[in-house]
Structure formats: structure tokens, C-alpha cells
Amino acid sequence: MPRRTPATKDPTAVERANLLNMAKLSIKGLIESALSFGRTLDSDYPPLQQFFVVMEHCLKHGLKVRKSFLSYNKTIWGPLELVEKLYPEAEEIGASVRDLPGLKTPLGRARAWLRLALMQKKMADYLRCLIIQRDLLSEFYEYHALMMEEEGAVIVGLLVGLNVIDANLCVKGEDLDSQVGVIDFSMYLKNEEDIGNKERNVQIAAILDQKNYVEELNRQLNSTVSSLHSRVDSLEKSNTKLIEELAIAKNNIIKLQEENHQLRSENKLILMKTQQHLEVTKVDVETELQTYKHSRQGLDEMYNEARRQLRDESQLRQDVENELAVQVSMKHEIELAMKLLEKDIHEKQDTLIGLRQQLEEVKAINIEMYQKLQGSEADLKEKNEITARLEEKTNKITAAMRQLEQRLQQAEKAQMDTEDEDKKYLQECQSKFDGLQKQISQKEKQLVQLETDLKIEKEWRQTLQEDLQKEKDTLSHLRNETQQIISLKKEFLHLQDENHQLKKIYHEQEQALQELGNKLSEKFKEHQKGTSLAVQWLRLCASNAGDAGTIPGQGTKIPHAMSGAAKKRQRAPKDQNLK
């Protein structure tokens, strides 16, 4: 059976489909990676760089070439300048881009414009204004361009999801004029088996429509959240002042709690006044809700819930005021201040509580919608992969053909360049060879000088080592001598102590002998009168001298002298008895 030739497709339609798929992959990959990253994105973040490259290709598709005297002009800055006229809030971006000093080309200004729009989270709003005005776009784009067809509207719908991302990009320091915008397909390719079914393609289209609808709802909810945030901030500032005044009032309430029992009758009048005040507040809330209905038609359900919450809060407020009325004491001077404070505080607290609850509900809705998006995206991944693989294969084949042609041209240029470079290289090698020979001769001379210096240093080190060994020997000898001297000093000190002790003993013995001699001389004079007594005394002295020994200094011993002196002292009373 002969094979059927497939029907030829419009190449511009294929290009648009390819760009749409690449935009889907880049936006989805950027959102997923940014949420997993969990921080503000810088200009060096690879998925963010690839997103800007893809957007640049989408905006360049189908641009008309404008001829001038010098060259052809084909940039995306022209249609982006139209946004200022269509969307007045974009005038700030245009003015800031023109004031940047480093940008010289319109392409660089367009790249800076895209980065600033992403940081403001209004890229989808700006591009939606362009797509609506197709009459103005026809001046810059061909009729088959992506921005003029339905694919452009789909891409703008996908850009709404980028409002979830927080980016902090430095535009001043980057060289946006000379950047090369090349799409890196390796970030989006995955190796799996190819499965294609027509039913799945229909399901993919339905899921994409649901996704766009969800993103539109998310954008509207984000706009309401931003307005509510601004109002909450203003109310919180006024609430802080009132809280301080409340603290002062509460201190006065604590002092006046003892008089509460007597003033319950007056509290009934206060309750009537508060009910009137509640009715006034309800009228104000209803007027505000009517204004909200005119400005926001898609949020009627939220306003009904807000009314219910206001009713519930008013009932809670009545209960709280009844409890406070039991405890609050009212004197004539404090009544006026407390009434004014309670009016302002309760009004703003009710509005704050209602707005906070609305914010929480909006956040919960956003989380639910995002979870549904993730569930739908999980199904889309499997189906997008099947369609993307077939398209990627065709893109690969076309890209490979283009790359081969470019490589052939580059190879021919490279051959010419290499021949010229070889000639120059040979000349440079010869000049370098001569210079190296001269350097080698100089370094050989330096080596000889260094060797002589090394020999001198070795000899000098050997002499130093010998001197060190001699000094070590002398040190060891001196240490031994010092130890001997220390031991001799210890012995000398010990001998000095013994000498002092002996001198003390010697002086004591001399004193004892002097006392003995004095006593003996006195006794000798008294006993000279009687010879008999003298003879007896001499005998006694002789006997005492024989017992005690000789005098110290003539070879006598110290203990014998001590014993003789003691014996004479003992015998002195006996001599007196004899007399």
C-alpha cells in the first residue's frame, strides 16, 4: 500500500504553535521553580533569563521591516511604546527606560521594559491593551504575526500567573544591548516514550481554557486584595492611635469599678445611644457596599458574606458592650471622652475585622485555585509532553539543518583565519625562540653564581654547627659546676649554723665559769683567816677539780665544765655549814 502524504501546513501557523508551546513551558517552569525556590528572583536565575528570551522571540514574530537611509530597522520597541498611550500607568516605565544611561539600542530598551513590567506585575495588563488595539498593531506586525492571532491572547492569559512571582532585577548594570537571545531547549526536554491521541489533545484544550479562566479570576482577586491591603494599612494607622487612647481610658475604668453597682440605671441610656450608633454605621456600610457593587460586579457574593459578617459582628458587639456597660463607670467629665472614643474605635475595629476576614477568605480561595491548577497541570504535563515531543523533533531537525549550514560557513571562515594565524604564529614562535635562548644563557650564569653562594653558605653553616657544639659542651660543664657550688653552699650554711650554736654554748659556759671564779675569790678571802679551813677548802677544790676536769681552752670538754659548775653550786651550802 502506498503511504499517504500528510497535508502541508502553513509554516507561519507552525511557528506560532511552536512559540506558544515554548511560552507555556517557560512560564510553567518559571512558576514552579520560583515557588520551590521560595525567595525573590535575581537577574542571574536561568529560568527567568529563558523566559525573557522566549518573550522576545514571541514579540519579534511577524514584525514588519522598516527601511531607513542607512539600514533596516526591525525591533520590538515600537509596539511597546504604544502602551504608554493606551495605558497611562505605563508612562513611568517608559520614562525610566529612556533615562537609563547604558542603553543605546531600541532592543536594549525593549528588554529593560520587559524586566520592569515583570517587577511591577503588570506585564499581562500592558500586553492585553496592545492585543485589543489590532489596528495600531497592524502598523508594526504582519497579518500572520503571533500578536495578531489568537496565540497572542493565550500567551497574555498565561502571563497572569507570573503575578505570583517576586523579582528584584538590576537593570542599570546589565549590558542589555549586546545580549544574544538563544533558547536553551535542554531545560525543557525529557526522555520518555511518545504517545499521541486526538482525544487527549481535545482534553488539553479544555484544560487550558479552564486554566486561563482560573488565572483571570486570580488576577481579579489579586487586584481586590491589593485595594483591601491599602485600606487595611490606613485603618491600622488610625487604630494604633485609638488603641493608645483606649489604654488610658482602661486605666480610668479600673479605678471606677467600685461605683458600677450604683450607676446601672445610667448604662441603659448608653445602650440606647449605642444602638442608634449601630444603625448609623449600618447605613454607612450599606452605602459603601452599593459603591462597591458599581465598581466590582464580579464580587457580589463576597459582599453578601461581608454583610452577614457585619450582622454577626454587630451582635457580638452588642454582647460585648452589655458586658462593658456593667463594669464601666460614668462620671459627667469622663462620659463625653469615652463616648467619642468608643464611636471611633468600634467603627474602625469592625471595618478592620471585616477586611481581615475578607483577606483570609481571598487567600483561601487563591490557595484552592492554585491547588486546582497544580492538579490540572499534573494532567497537562503528561499530555503536553506528548505534543511537545513531536514538535520538538521537528524543531530539532530544522535547528540541526540551520546549525549545519552555519557550521559550514564558520568552517570555511575558520580555515582562512587559521592559515593567516599559522603564518603569524610561526613568526611569533621564532621571535620567542630567540628571546628564550637569551633568557636561558642569562639563567645559566645565574645558576653558576647561585652554586658558588650555596657552597659558601654550606661551609659557613658547618662552622656555626661546630661552634654550637662547643658552646653546648661548655654549658653542660658549667651546669655541673653550678650544681657542685650549690651543694657546697648548702654545706657551708649548715656549718655556719653549727658554728653559731657552738659559740652560744661557749659564751654560756664562760659566764658560768666567771660566776664560779667570783664566788671562789670571795670565799678565799673569807677563809684566809683560818688555815685549817683553807686547807679543807683546797682539798675540796682539788676533789672538785678532779671530778670536773680541766678548764675549757686547755683540752677540756664542755659537758665536764658544766657538771663541775653545777656540783660547786650544790656544795656551796655544805661549805657554809662547815664554816
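Report on the accompanying structure. (Residues numbered from 1 in each chain as written. Predicted model: local features only at pLDDT ≥ 70, side-chain atom pairs only at ≥ 80, totals over all residues. Heavy atoms only, no water.)

**Notes on the overall build of the protein**
Put simply, the rule reads: Only DSSP runs of H or I covering at least 4 residues are called helices, and only runs of E covering at least 2 are called strands; the numbering of each starts at the N terminus. Think of it in three bands: with a 1.4 Å probe and only protein chains considered, a residue is buried below 20% of the maximum accessible area for its type, exposed above 50%, and partly exposed in between. For this analysis, residues touch if any pair of their heavy atoms sits within 4.5 Å. Here the Shrake-Rupley method, with its probe set to 1.4 Å, supplies the accessible areas, and only the displayed protein chains count as covering residues.
When you go through the protein residue by residue, the secondary structure sums to 14 helices and two strands. Within the span of the protein, comprising 579 residues, buried residues form 31% of the whole. Across the protein, contacts joining residues at least 24 apart in sequence account for 80% of those joining residues at least 6 apart. If you sum the accessible surface of the protein, you get close to 40,800 Å²; carbon and sulfur atoms cover 54% of it.

**Observations concerning helix α5 (residues 106-120)**
As a reminder, the rule being used: Expected span of a helix, by definition, is 1.5 Å for each gap between consecutive residues, and there is one gap fewer than residues.
The first and last C-alpha atoms of α5 sit 21 Å apart over 15 residues, in line with the 21 Å expected at 1.5 Å per residue. Of the residues making up α5, those classed as buried are Leu107, Gly108, Ala110, Arg111, Ala112, Trp113, Leu114, Arg115, Leu116, Ala117 and Leu118. Check the buried side of α5 and you find it contacts α2 (46-60), α3 (77-86), α4 (91-99) and α6 (123-132).

**A look at the packing of α2 against α5**
Rules: Angles shown run from 0 to 180 degrees and are taken between the N-to-C directions of axes, each axis being a line fitted to C-alpha atoms and, for helices, limited to the stretch in contact. Here is the rule for angles: anything less than 35 degrees is roughly parallel, anything more than 145 is roughly antiparallel, 65 through 115 is roughly perpendicular, and the remaining ranges are oblique. Should the near helix be turned counterclockwise from the far one by less than a right angle, the crossing is left-handed, whereas a clockwise turn marks it as right-handed. Any residue outside Ala, Val, Leu, Ile, Met, Phe, Trp, Tyr, Cys, Pro, Asp, Glu, Lys and Arg is labelled polar, Gly included; the first ten of those are nonpolar and the last four are charged.
Direction vectors running N to C along α2 and α5 enclose 120 degrees, while the axes themselves pass 11 Å from each other. Our classification of the angle between α2 and α5 gives oblique. As α2 packs across α5, the resulting crossing turns out to be right-handed. Taking contact as the criterion, the partners of Leu48, Phe52, Glu56, Leu59 and Lys60 in α2 are, on α5, Leu107, Arg111, Leu114, Arg115 and Leu118. Its residues assigned to classes, the contact of α2 with α5 comprises six nonpolar, no polar and four charged.

**Considering the layout of surface pockets**
Rule in force here: Here the term cavity refers to a set of points on a 1 Å grid, laid over the protein atoms alone, in which a 1.4 Å probe fits but cannot get out; the term pocket refers to an open set having protein on both sides within 12 Å along at least five of seven lines, with lining residues being those that place an atom within 4 Å of a point. Grid points are joined across faces, edges and corners, and a volume is the space filled by probe spheres set on the points.
Of the voids in this model, the largest pocket is the one considered here, and its volume is about 1,100 Å³. Looking at the largest pocket, it is lined by 28 residues, and the ones nearest its centre are Phe185, Asn395, Thr398, Ala399 and Arg402. Among the secondary structure elements, those contributing two or more residues to the lining of the largest pocket are α1 (11-37), α2 and α12 (332-527). Among the residues forming the lining of the largest pocket, the class breakdown is 11 nonpolar, 10 polar and seven charged. Each pocket or cavity is described by its volume, and for the second largest pocket that value is around 830 Å³. Asn163, Asn218, Arg219, Asn222 and Ser223 are, among the 29 residues lining the second largest pocket, the residues nearest its centre. Of all the elements in the fold, those that place two or more residues in the lining of the second largest pocket are α1, α9 (198-255) and α12. For the lining of the second largest pocket, the element with the most residues is α9, which contributes 10 residues.

**With respect to the environment of Leu221**
Looking at where Leu221 falls in the secondary structure, it is placed in helix α9. Spatially, the C-alpha atom of Leu221 lies 6.9 Å from that of Val362, the residues being 141 residues apart in sequence.

**Some thoughts on a nonpolar patch on the surface**
Put simply, the rule is: Each patch is built from residues lacking any salt bridge and having more than 30% relative accessible area; the joining distance is 9 Å for like charges and 5 Å for nonpolar side chains (Val, Leu, Ile, Met, Phe, Trp, Tyr). Salt bridges are defined as contacts in which a side-chain nitrogen from Lys or Arg sits within 4 Å of a carboxyl oxygen from Asp or Glu.
Taken together, the side chains of Ile397, Met401 and Leu404 present a nonpolar region at the surface, about 320 Å² in accessible area. By secondary structure assignment, the location of Met401 is in helix α12.

**Here's the deal with the pattern of salt bridges**
Pairs can form between side chains of opposite charge whenever their charged atoms are close. In the structure shown here, the tally under the stated rule is 11 salt bridges. Between Arg219 and Glu216 there is a salt bridge, with the nearest N and O atoms lying 3.6 Å from each other. Linking Arg219 with Glu216, this pair stays in helix α9, spanning three residues, or about one helical turn. Taken together, the shared-partner salt bridges in this structure form one network comprising Asp125, Arg128, Glu216 and Arg219.

**Points about empty space enclosed by the protein**
If you walk through the whole model with that rule in mind, you get eight cavities of 30 Å³ or more. Roughly 130 Å³ of volume is contained in the largest cavity. Lining of the largest cavity is provided by Asn21, Lys24, Leu25, Lys28, Leu158, Leu208, Lys211, Leu380, Asn384, Thr387 and Ala388. For the lining of the largest cavity, the elements supplying multiple residues, two or more each, are α1, α9 and α12. Among the residues forming the lining of the largest cavity, the class breakdown is five nonpolar, three polar and three charged.

**Some details on a negative patch on the surface**
Short version of the rule: For the purpose of counting charges, residues Lys and Arg are taken to be positive, whereas Asp and Glu are taken to be negative. His and the chain ends are not included. In this description, the location of a charge corresponds to atom NZ of lysine, CZ of arginine, CG of aspartate or CD of glutamate.
On the surface, a cluster of negative charge is contributed by Glu244, Glu245, Asp284, Asp344 and Glu347. Counting only elements with at least two residues in the negative patch, the list comes to α9 and α12. Residue placement: Asp344 occurs in helix α12. Accessibility expressed as a relative area gives 35% for Asp344, which makes it partly exposed.

**Observations regarding α4**
Put simply, the rule reads: Working note: the arc is built from the helix axis to C-beta atom directions.
For α4, the set of buried residues is Ile93, Gly94 and Val97. Buried residues of α4 fall within an arc of 95 degrees about the axis and therefore sit on the same side. Facing away from the buried surface of α4 by more than 90 degrees, the exposed residues are Glu92 and Asp99. Against α3, α5 and α6 lie the buried residues of α4.

**With respect to the nonpolar core**
This is how the line gets drawn: Nonpolar cores are built from buried Ala, Val, Leu, Ile, Met, Phe, Trp, Tyr and Cys residues. Side-chain atoms within 4.5 Å join them into one set.
One finds Phe51 and Trp113 to be the most contacted residues of the largest nonpolar core, which totals 61 residues. When residues of this core are traced back to their parent elements, those giving at least two are α1, α2, α3, α4, α5, α6 and α8 (150-159). Setting aside anything within four residues of it in sequence, one finds Trp113 in contact with Trp77, Leu80, Val83, Ile93, Val97 and Tyr126. Among the nonpolar cores identified, the runner-up in size contains nine residues, and Val232, Leu352, Leu359 and Val362 belong to it.

**Some details on unusual backbone geometry**
Phi angles above zero are rare outside glycine, and Lys121 is one such case at about 60 degrees. By the element assignment, Lys121 lies in the loop between α5 and α6.

These figures come from the coordinates and say nothing about function on their own.
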